[in-house]
Amino acid sequence: MVNDLLKEIKEANSEILNCPIDKWTVPDMRFVKELYWQDSASVNIFRVKGTQHPDYAGLESWVKLLEVGKRMYLNLPFFKQNPGYYYEKTKKIPSMYYQNINFGDYYIGADGNHRTAIAKAAFFLDKTDGLIHGVTVSSYRVDLDFKKHFDGITQTVSKRKLPLYATVETKAVSRDDGGGWMLEKYTPTIQIQDYKKNNYVILHNAKEAKEFLENINMSKFRRFFGFLKK
């Protein structure tokens, strides 16, 4: 077991622990199609790339967090006293929170910054499979293409000074849950209103939004779903 974690990890000079800590980008909740929450999941600690914590996002490395973390003076002794907390498969108490978007890399959520840095160091030195168990995970599935085309529509409307107003409406479709998990599903739509003619069209997916965007980007755009004409 690691006796002096900080000293050993500095001597190891690991590239995976010397990479910068990325900043979590909050997803546009209007375009979230699913939220899957697990109270006690397993995460590969080496796929944790960043954090939402403003003090630690942007730090030069996880090693730096081991040095400057405000509560590291408590967490490092705790690691020595109770290393089982990191290695056992039971639910973590206190919890460690992670989040990701579209099955991508993980980011630290409400709590667990110091413990994540410690786990990365300890698991690297011990050459484990990297899995930390019993953590809380929120996974967002976001329709990024739909959002991209919505942003394009609003930019074009503004640039061309079109008499249109674009908004997003998101409806909850379903919720399933059980012991320690929850899955919520949503349906986003884009509402386009012509405030001069007082009519509107609803775009249900990225394909429709892309077609609408291409339409209004034309110098003379054709009728779209029997709506716009110029």
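Let us look at the structure shown here. (Residues numbered from 1 in each chain as written. Predicted model: local features only at pLDDT ≥ 70, side-chain atom pairs only at ≥ 80, totals over all residues. Heavy atoms only, no water.)

1. Let's talk about the overall build of the protein chain
Inclusion rule: Helical segments are the DSSP runs of H or I of at least four residues, strand segments are the runs of E of at least two, and each set is numbered from the N terminus. C-alpha atoms define the radius of gyration in this analysis, and the globule rule sets the expected value at 2.2 Å times the number of residues to the power 0.38. Here, two residues are considered to be in contact whenever any of their heavy atoms come within 4.5 Å of each other. Every accessible area reported is derived by Shrake-Rupley at a probe size of 1.4 Å, with residue values counting cover from the shown protein chains alone. Under this rule, positive means Lys or Arg and negative means Asp or Glu; His and the chain ends count for nothing. Charge placement uses NZ in Lys and CZ in Arg. For Asp and Glu, CG and CD serve respectively.
When its secondary structure is counted, the protein chain shows seven helices and nine strands. Relative to its length of 230 residues, the protein chain is extended, with a C-alpha radius of gyration of 23 Å against a globular reference of 17 Å. Seen through its C-alpha atoms, the protein chain measures out along the principal axes to roughly 75 × 40 × 25 Å. The long-range share in the protein chain, meaning contacts at least 24 apart out of those at least 6 apart in sequence, stands at 72%. Accessible area of the protein chain: about 12700 Å², with a carbon and sulfur share of 50%. With 35 positive and 27 negative side-chain charges, the protein chain shows a separation of 9 Å between the mean positions of the two kinds.

2. Some words on helix H3 (residues 72–81)
Condition: Partly exposed residues are those whose accessible area sits between 20% and 50% of the maximum for their type, while under 20% is buried and over 50% is exposed, using a 1.4 Å probe and protein chains only. The arc refers to the directions leading from the helix axis to the C-beta atoms.
Listed as buried for H3 are Met-72, Asn-75, Leu-76 and Phe-79. Projected onto a plane normal to the axis of H3, the buried residues spread over an arc of 100° and lie on a single side. The exposed residues of H3 that point more than 90 degrees off its buried face are Tyr-73 and Gln-81. Close packing links the buried residues of H3 with helix H1 (5–12), helix H2 (62–68), helix H4 (84–87) and helix H5 (113–126).

3. A closer look at the packing of aromatic side chains
Under the convention used in this document: Between the rings of Phe, Tyr and Trp (Trp by its six-membered ring), a pair exists once the centres lie within 6.5 Å; its type follows the angle of the planes, with under 30 degrees stacked, over 60 edge-to-face, and the other angles tilted. We call a charge positioned over a ring when the NZ of a Lys or the CZ of an Arg lies within 6 Å of the ring centre and within 35 degrees of the ring normal.
Applying the stated rule across the entire model yields seven aromatic pairs. Geometrically, the ring pair formed by Phe-79 and Tyr-86 is edge-to-face, given 5.4 Å between the ring centres and 75° between the ring planes. For Tyr-86, a relative accessible area of 0% translates into the label buried. Their ring planes at 45° and their centres at 5.1 Å tell us that Tyr-87 and Phe-123 sit as a pair that is tilted. In this pair, Tyr-87 is assigned in helix H4 and Phe-123 in helix H5, connecting sequence segments 36 residues apart. Each member of the aromatic cluster is reached from another via a ring pair, and the members are Phe-78, Phe-79, Tyr-85 and Tyr-86. Against the face of Tyr-85 rests Lys-92, its NZ or CZ located 5.5 Å from the ring centre. When the ring centre of Trp-62 is taken as origin, the NZ or CZ atom of Lys-120, which lies over that ring, is 4.7 Å away.

4. Observations regarding the pattern of salt bridges
Keep this limit in mind: Here, a salt bridge means any side-chain nitrogen of Lys or Arg that lies within 4 Å of a carboxyl oxygen of Asp or Glu.
A complete count under the given rule lists 13 salt bridges for this structure. A salt bridge links Glu-169 to Lys-171; the nearest nitrogen and oxygen atoms lie 3.6 Å apart. Judged by its relative accessible area of 36%, Glu-169 is partly exposed. Among the charged side chains, a network of salt bridges with common partners joins Asp-28, Arg-30, Lys-147 and Asp-151.

These figures capture arrangement, not role.
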